[in-house]
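So you can see what is in the structure, the chains are spelled out below.
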Amino acid sequence: MSRSETLYTEAQHFIPGGVNSPVRAFNGVGGTPLFIERANGAYIYDVDGKAYIDYVGSWGPMVLGHNHPAIRTAVIKAVEKGLSFGAPTADEVEMAKFVTELVPSMDMVRMVNSGTEATMSAIRLARGYTARDKIIKFEGCYHGHADCLLVKAGSGALTIGQPNSPGVPADFAKHTLTCTYNDLGSVREAFEKHPHDVACIIVEPVAGNMNCIPPAADFLPGLRALCDEFGALLIIDEVMTGFRVALGGAQAYYDVEPDLTCLGKIIGGGMPVGAFGGRGEIMEKLAPTGPVYQAGTLSGNPIAMAAGLACLQEISQPGVHQRLTELTEMLAEGLTAKAEQAGIPLVVNHVGGMFGIFFTDSPTVTCYQDVMNCDVERFKKFFHLMLEKGIYLAPSAFEAGFMSVAHSDEDIRKTIDAAAYAFSKL
Ligand code: PMP
């Protein structure tokens with residue numbers, strides 16, 4: 001028995017499913033999850049001493065690679081001053097200034113502890129601001145596990161086949177209208193049915209929780225226009241895309257201005273962090289300046305702020321996103337070419353530092369239904385063949401892949417060679 005197997009067996013006695021977040025259990029691919037000992041740069045090392053080139057990157061935060069020296073140093077320095085004060089600090093001001101500079105649609109920002117908190121709070125704020133109850137989300141998009149958002153959700157919910165979770169009262173879920181990603185007609189229809197009741201649309205600007213689906217050219221501007229027409233707020237959930245697709249997020253990349261933005265992952269440099277922000281007039285409705293309540297014992301935690309600031313400073317250096325995109329393109333082109341040589345039908349979607357691999361006969365994958373038509377069994381085999389060759393992909397056909405700037409050309413070549421081997425075995 002490997003150490004991972006021993007730990008997994010033990011873990012299942014004490015932790016539901018042996019994991020603290022569902023997709024980690026390898027439900028989507030079968031087999032024993034790897035227990036990780038440490039990570040550095042583009043590599044993670046399991047408890048059995050095997051090294052893997054990592055395309056999960058802690059599900060997004062590790063855009064600079066693991067254990068980046070600037071982040072490590074900042075965290076150690078912060079730890080020496082104390083772990084948490086529950087009172088304001090200078091770093092929180094610096095963080096807010098930095099974020100609002102990088103994302104101009106955000107006049108103000110509030111720090112929270114996860115992406116889930118960010119989206120949950122942004123929706124409460126949108127409802128409070130508009131005095132409306134309904135929200136629009138998209139099938140296959142995941143925005144964390146708040147009740148109203150676990151309706152036709154993606155990511156782990158999709159992987160384990162429960163896009164609607166038990167435990168969410170129907171009375172809550174009825175306020176969530178779900179539309180089809182990249183289909184503006186479905187959104188207009190929802191608005192026309194409830195012209196005065198929709199508080200907001202929440203959208204992943206690049207869908208990254210039903211694998212990776214970029215927006216059609218007219219999709220995000222179309223959502224903006226529909227929100228304006230019907231008096232709803234546009235919330236762009238950049239928890240995954242923020243600082244990854246481009247320095248200013250997907251909203252800069254696609255040139256669309258939301259009313260509110262949600263952030264997470266990269267903004268914490270690997271620490272548990274989220275944030276939401278937007279137009280000042282809306283943000284001032286939050287307590288203590290306004291009536292919409294939102295709070296957090298550890299929000300703006302000094303260690304998390306130190307890690308996040310160091311991360312944002314590093315990724316603001318010229319050329320980082322260009323390099324990230326270049327590496328992702330290199331990988332996408334290599335995988336596509338090898339699949340073609342092997343006669344394996346494959347689509348690779350990618351934007352900036354995120355990508356998605358789809359085993360499908362269809363020439364494109366642009367919506368939830370396209371994703372559902374992919375060959376999940378083939379993905380499972382591919383996943384395990386890649387793992388055997390030392391490549392760690394997300395253990396689900398419904399998750400995006402994440403590149404880091406710590407990946408080298410050589411790492412990408414090794415990954416493409418491993419994929420050529422895997423394709424030959426499928
Ligand atoms: N929004 C999006 C777009 C996400 O991808 C995620 C997590 N993958 C979340 C929200 C929730 O973030 P967290 O897991 O930090 O609660």
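Residues numbered from 1 in each chain as written. Predicted model: local features only at pLDDT ≥ 70, side-chain atom pairs only at ≥ 80, totals over all residues. Heavy atoms only, no water.

*Asks:* Lay out helix α1 (residues 3-14) in plain terms, naming residues and giving numbers.
*Replies:* Spanning 12 residues, α1 covers 17 Å between terminal C-alpha atoms, matching the ideal 16 Å at 1.5 Å per step. Buried residues of α1: Ser4, Tyr8 and Ala11, and no others. With its buried residues spanning 65° around the axis, α1 presents them on a single face. (Helix = DSSP H or I, 4+ residues; strand = E, 2+ residues; numbered from the N terminus. Expected span 1.5 Å × (residues − 1). Buried < 20%, exposed > 50% of the residue type's maximum accessible area, 1.4 Å probe, protein only. Arc of directions from axis to C-beta.)

*Asks:* Describe in detail the UniProt feature "modified residue: N6-(pyridoxal phosphate)lysine" (unreviewed entry) in the protein, supporting the description with residues and values.
*Replies:* As annotated in UniProt, the feature "modified residue: N6-(pyridoxal phosphate)lysine" (unreviewed entry) corresponds to Lys265 in the numbering used here. Within the element layout of this structure, Lys265 appears in the loop between β9 (260-264) and β10 (274-278). (UniProt positions renumbered as here; feature names shortened; annotations may be inferred.)

*Asks:* Lay out the nonpolar core with the relevant residues and their values.
*Replies:* Generally speaking, soluble globular proteins have nonpolar side chains that are buried together. Tyr55, Phe243, Ile267, Leu312 and Phe382 are the most contacted members of the largest nonpolar core, which totals 72 residues. It is helix α11 (residues 302-315) that contributes the most residues to this core, 10 residues altogether. Here this core spans two domains, and each of domain 1 (3-67 + 318-424) and domain 2 (69-316) adds at least three residues to it. In this structure, Tyr55 is in contact with Leu331, Phe355, Ile391, Tyr392, Leu393, Gly401, Phe402, Met403, His407, Asp411, Ile412 and Thr415, ignoring residues within four places of it in sequence. Counting residues in hydrophobic clusters, the runner-up holds 33 residues, among them Leu177, Val203, Cys227 and Val365. (Core = buried A, V, L, I, M, F, W, Y, C linked by side-chain atoms within 4.5 Å. Domains from an automatic or database assignment. Contact = heavy atoms within 4.5 Å.)

*Asks:* Before we move on, can you summarise the sheet that holds strand β5 (residues 134-138) with the specific residues and values?
*Replies:* Here 7 strands make up an open sheet; going across it, the order is β4-β10-β9-β8-β7-β5-β6 and the pairing mixed. Where the open sheet ends on each side, the last strands, each with one partner, are β4 (108-112) and β6 (176-179). Between one strand axis and the next, the sheet turns by 20° as a mean value, whatever way the strands run. Looking at chain direction, β5 and β6 are connected through 4 bridges and run parallel. Across the sheet, residue Phe138 finds its bridge partner in β6, namely Cys179. Contacts from helix α8 (residues 219-230) reach β5, β7 (198-203) and β8 (233-237) within the one sheet, and its direction differs from that of β7 by about 170°. (Pairing = 2+ DSSP bridges. Axes fitted to C-alpha atoms, helices over the stretch in contact; angles between N-to-C directions.)

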